[in-house]
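Results of the structural survey
Residues per chain, in single letters:
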Amino acid sequence: MISEAQEIRHASDYDVFYIAVKSDTEEQIEAAEEIIRLVEEYLEKAVSKPGQE
């Protein structure tokens, strides 16, 4: 998910003819929300059990 988002960001910044599509944007927002959720879940586990992650 992260590498795909990076590729899209790079294309939108540097490709002259890149056209943003609403559905692609919505998918990237959903992916970002999922990544945030997973990181938060990981951090909660790491804080609740220090030294066991």
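Conventions we followed
- Throughout, a residue's number is its position along its own chain's written sequence, starting from 1.
- Residue-level local features of this predicted model are given only where pLDDT is at least 70; pairs of side-chain atoms are given and counted only at 80 or more, and the full residue set underlies all totals for whole chains, interfaces and linings.
- Neither water nor hydrogens contribute to the side-chain values; these are computed over all heavy atoms in the structure.
- Salt bridge, as applied in this entry: a Lys or Arg side-chain nitrogen positioned within 4 Å of an Asp or Glu carboxyl oxygen.
- Each helix is a run of DSSP H or I of at least 4 residues and each strand a run of E of at least 2, with the numbering of both proceeding from the N terminus.
- Exposure is judged per residue with a 1.4 Å probe applied to protein chains only, and the accessible area is read against the type maximum: over 50% gives exposed, under 20% gives buried, and values in between give partly exposed.
- In this scheme, patches are assembled from residues that exceed 30% relative accessible area and form no salt bridge. Like charges are connected within 9 Å, while nonpolar side chains (Val, Leu, Ile, Met, Phe, Trp, Tyr) are connected within 5 Å.
- Here the Shrake-Rupley method, with its probe set to 1.4 Å, supplies the accessible areas, and only the displayed protein chains count as covering residues.
- For the purpose of charge, His is not counted, nor are the chain termini; Lys and Arg are scored as positive and Asp and Glu as negative.
- A single reference atom marks each charge: NZ on Lys, CZ on Arg, CG on Asp, CD on Glu.

**Details of the pattern of salt bridges**
With the rule as written, the count across this model stands at 4 salt bridges. A salt bridge links Asp13 to Arg9; the nearest nitrogen and oxygen atoms lie 2.3 Å apart. Taken together, the residues Asp13 and Arg9, both in helix H1 (residues 2–14) and 4 residues apart, mark about one turn of the helix. When its relative accessible area of 43% is taken as the criterion, Arg9 is described as partly exposed. Between Arg37 and Glu41 there is a salt bridge, and its shortest N-O distance comes to 3.0 Å. Here Glu41 and Arg37 lie together in helix H2 (residues 22–48), a separation of 4 residues that amounts to about one turn. Judged by its relative accessible area of 34%, Glu41 falls in the partly exposed class. Salt bridges sharing partners connect three or more residues here, namely Glu34, Arg37, Glu41 and Lys45.

**Quick word on the environment of Tyr14**
Here Tyr14 is to be found in helix H1. For the pair Tyr14 and Ile29, spaced 15 residues apart in sequence, the C-alpha to C-alpha distance is 20 Å.

**Description of a negative patch on the surface**
On the surface, Glu4, Glu7, Asp24, Glu26, Glu27, Glu30 and Glu33 cluster together into a patch of negative charge. Every element with two or more residues in the negative patch is listed here: H1 and H2. Relative to the helices and strands, Glu4 is located in helix H1.

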